[in-house]
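Secondary and tertiary structure notes
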Amino acid sequence: MTEKILTTENVRLYYGDNEALHGINLDYDQYGITALIGPSGSGKSTYLRALNRMHDLQDNVTVNGNFMFKGRDIYAPDTDTVALRKEIGMVFQQPNPFPFSIYDNVAFGLRISGEKNKSVLDEKVETSLKQAAVWDEVKDDLHKSALSLSGGQQQRVSIARALATAPEILLLDEPTAALDPVSSHKVENTLMALRDQYTMIIVTHSMSQASRLSDRTAFFMSGDLIEVDSTKQMFLNPTEQKTQDYISGRFG
Ligand SMILES: Nc1ncnc2c1ncn2[C@@H]1O[C@H](COP(=O)(O)OP(=O)(O)OP(=O)(O)O)[C@@H](O)[C@H]1O
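What comes next concerns the included structure. (Residues numbered from 1 in each chain as written. Predicted model: local features only at pLDDT ≥ 70, side-chain atom pairs only at ≥ 80, totals over all residues. Heavy atoms only, no water.)

A word on the site of the ligand
The ligand sits among 13 residues. The nearest are S40, G41, K44, T46 and H205. Measuring from an oxygen atom of the ligand, one finds a backbone N or O atom of S42 at 3.0 Å. Contact with the protein chains hides 60% of the accessible area of the ligand, taken as 630 Å² for the molecule alone. Per-element tally for the shell around the ligand: the top contributor is helix α1 (residues 44–50), with 3 residues. (Near = heavy atom within 4 Å. Polar contact = N/O pair within 3.5 Å; in protein donor to acceptor, adjacent residues only side chain to side chain. Areas by Shrake-Rupley, 256 points an atom, 1.4 Å probe, with all protein chains shown as cover. Helix = DSSP H or I, 4+ residues; strand = E, 2+ residues; numbered from the N terminus.)

Notes on the pairing of strand β1 (residues 4–15)
Note: β1 against strand β2 (residues 18–29), 9 bridges, orientation antiparallel. When the sheet's bridge partners are listed, Y14 is paired in β2 with E19. As consecutive antiparallel partners, β1 and β2 are separated by 2 residues, and within that stretch G16 has a phi angle of approximately 65 degrees, a positive value. Pairing of β1 with strand β4 (residues 61–69) involves 8 bridges; the strand directions are antiparallel. Looking across to β4, one finds that Y14 is bridged to T62. (Pairing = 2+ DSSP bridges.)

Observations regarding the side chain of T231
Here T231 shows up in helix α9 (residues 231–236). Beyond its immediate chain neighbours, meaning those up to four positions away, T231 contacts A210, S211, S214, D215, R216 and T217. (Contact = heavy atoms within 4.5 Å.)

Here we look at the sheet that holds strand β9 (residues 216–221)
What the 6 strands build is an open sheet, ordered β6-β7-β8-β3-β9-β10; its pairing is mixed. On the outer flanks of this sheet lie β6 (88–91) and β10 (224–230), each paired with one strand and no other. On average, each strand axis in the sheet is inclined to that of its neighbour by 20 degrees, with strand direction left out of account. Pairing analysis gives 4 bridges linking β6 to strand β7 (residues 169–173), with the strands arranged parallel. (Axes fitted to C-alpha atoms, helices over the stretch in contact; angles between N-to-C directions.)

So, the packing of helix α4 (residues 118–131) against helix α6 (residues 151–164)
The geometry of α4 relative to α6 is characterised by a closest axis approach of 8 Å and an angle of 130 degrees between their N-to-C directions. In this view, α4 runs oblique relative to α6, as classed from their interaxial angle. In the crossing of α4 with α6, the sense of the turn from one axis to the other is right-handed. For the pair formed by α4 and α6, the contact residues are K124, S128, L129 and Q131 on the first element and V157, A160, L163 and A164 on the second. Counted by class, the contact of α4 with α6 contains 5 nonpolar, 2 polar and 1 charged residues. (Parallel < 35°, antiparallel > 145°, perpendicular 65-115°, else oblique. Left-handed = near helix turned anticlockwise from the far one by under 90°. Nonpolar A, V, L, I, M, F, W, Y, C, P; charged D, E, K, R; others polar.)

A word on the pattern of salt bridges
Overall, the coordinates contain 11 salt bridges when judged by the stated rule. Among the ionic pairs, R53 bridges to D56, the shortest N-O distance being 2.8 Å. Taking the relative accessible area as the measure of exposure, R53 reaches 11% and is therefore buried. The shortest N-O distance in the salt bridge between R195 and D215 comes to 3.1 Å. A residue pair is termed long-range when its members are at least 10 positions apart, and R195 in the loop between α7 (181–194) and β8 (199–203) and D215 in the loop between α8 (207–213) and β9 qualify at 20 residues. (Salt bridge = Lys/Arg side-chain N within 4 Å of Asp/Glu carboxyl O. Buried < 20%, exposed > 50% of the residue type's maximum accessible area, 1.4 Å probe, protein only.)

Here we look at a nonpolar patch on the surface
Together, V82, F100, F108 and I112 line one region of the surface with nonpolar side chains, adding up to about 330 Å² of accessible area. Mapped onto the secondary structure, V82 falls in helix α2 (residues 81–87). (Patch = residues over 30% accessible without salt bridge, like charges linked within 9 Å, V, L, I, M, F, W, Y side chains within 5 Å.)

Side note on the packing of aromatic side chains
Going through the model one piece at a time under the given rule, you end up with 6 aromatic pairs. Ring centres of F67 and Y75 lie 4.7 Å apart, and the angle between their planes is 50 degrees; this geometry places the pair in the tilted category. Three or more aromatic residues joined by ring pairs form one cluster here, namely F98, F100 and F108. Positioned above the aromatic ring of F98, the side-chain terminus of R161 is 4.1 Å from the ring centre. (Phe/Tyr/Trp six-rings, centres within 6.5 Å; stacked < 30°, edge-to-face > 60°. Lys NZ or Arg CZ within 6 Å of the ring centre and 35° of its normal.)

A few points about the sheet that holds strand β5 (residues 72–73)
Ordered by their spatial adjacency, 4 strands build an open sheet running β2-β1-β4-β5, and the pairing between neighbours is antiparallel. Two strands in the sheet have a free side with no partner beyond their single neighbour: β2 and β5.

Description of the packing of helix α3 (residues 102–112) against α4
The N-to-C vectors of α3 and α4 enclose an angle of 115 degrees; their axes lie 9 Å apart at closest approach. If you check the angle between α3 and α4, you find them roughly perpendicular. Pair α3 / α4 crosses with right-handed handedness. Side by side, α3 and α4 meet where I102, Y103, V106, A107, L110 and R111 of the first sit next to K118, L121, D122, K124, V125, S128 and L129 of the second. Along the lines of polarity and charge, the residues of the contact of α3 with α4 split into 8 nonpolar, 1 polar and 4 charged.

Everything listed here is a matter of coordinates, which is why it stays silent on function.
Okay, here's the thing in structure tokens:
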């Protein structure tokens, strides 16, 4: 049996007194893409953000449940959350480069970890930008502001920034929702090319994107996980009527 890289068990999350996730159980094999789909407000982003403790940054959120990453308890009191977020990186809906150069954006996490050697930084910046399939477009302008790039390029630089710290898991929260179709296509191709090297979990509203990109799909509704299966099975022959109704566009 394949070792699970990440397991989440009985995840309950509260915003104040309001329970937004009602006991989610989901495990992940190493590598491949899992899509989280479901109507607006079903808890996809809430669940995703719990995986690398992004809710710690917000008051009034209580997370219960069991989260194990390679045998380590993510919510153990002694977890170094900065180190955790290097291993479980995140890419957001809005491309969010920092207001400095392309090079400095990608080198950011490495420098925070104490890397000062210029040739190491140069090499990692180049490798990460290549992995994120944006190197050819920016290699002559690495010292230009990342904010001067197009949205699609900014998003691939954000992916490069996440990859630079050598994460094992990448969380992607609607990474193409703010992009034009050509840029979305490029970002999708980038993710496809990374599927054999990373474990990726992507929230998407696009059924066509979920079916194109993912190996496995999980359907959320009203804070519950309704069904999870191979993407093929989910789209061709889901077990639950609610899943069928959602993917055929009857609601959401
Ligand atoms: N910061 C917050 N404070 C209070 N309630 C929140 C907060 N963020 C989300 N919620 C609530 O938690 C529930 C789940 O929201 P969440 O954003 O996780 O859903 P989602 O499936 O990702 O939706 P969408 O597809 O629209 O992004 C919703 O009822 C939402 O109102």
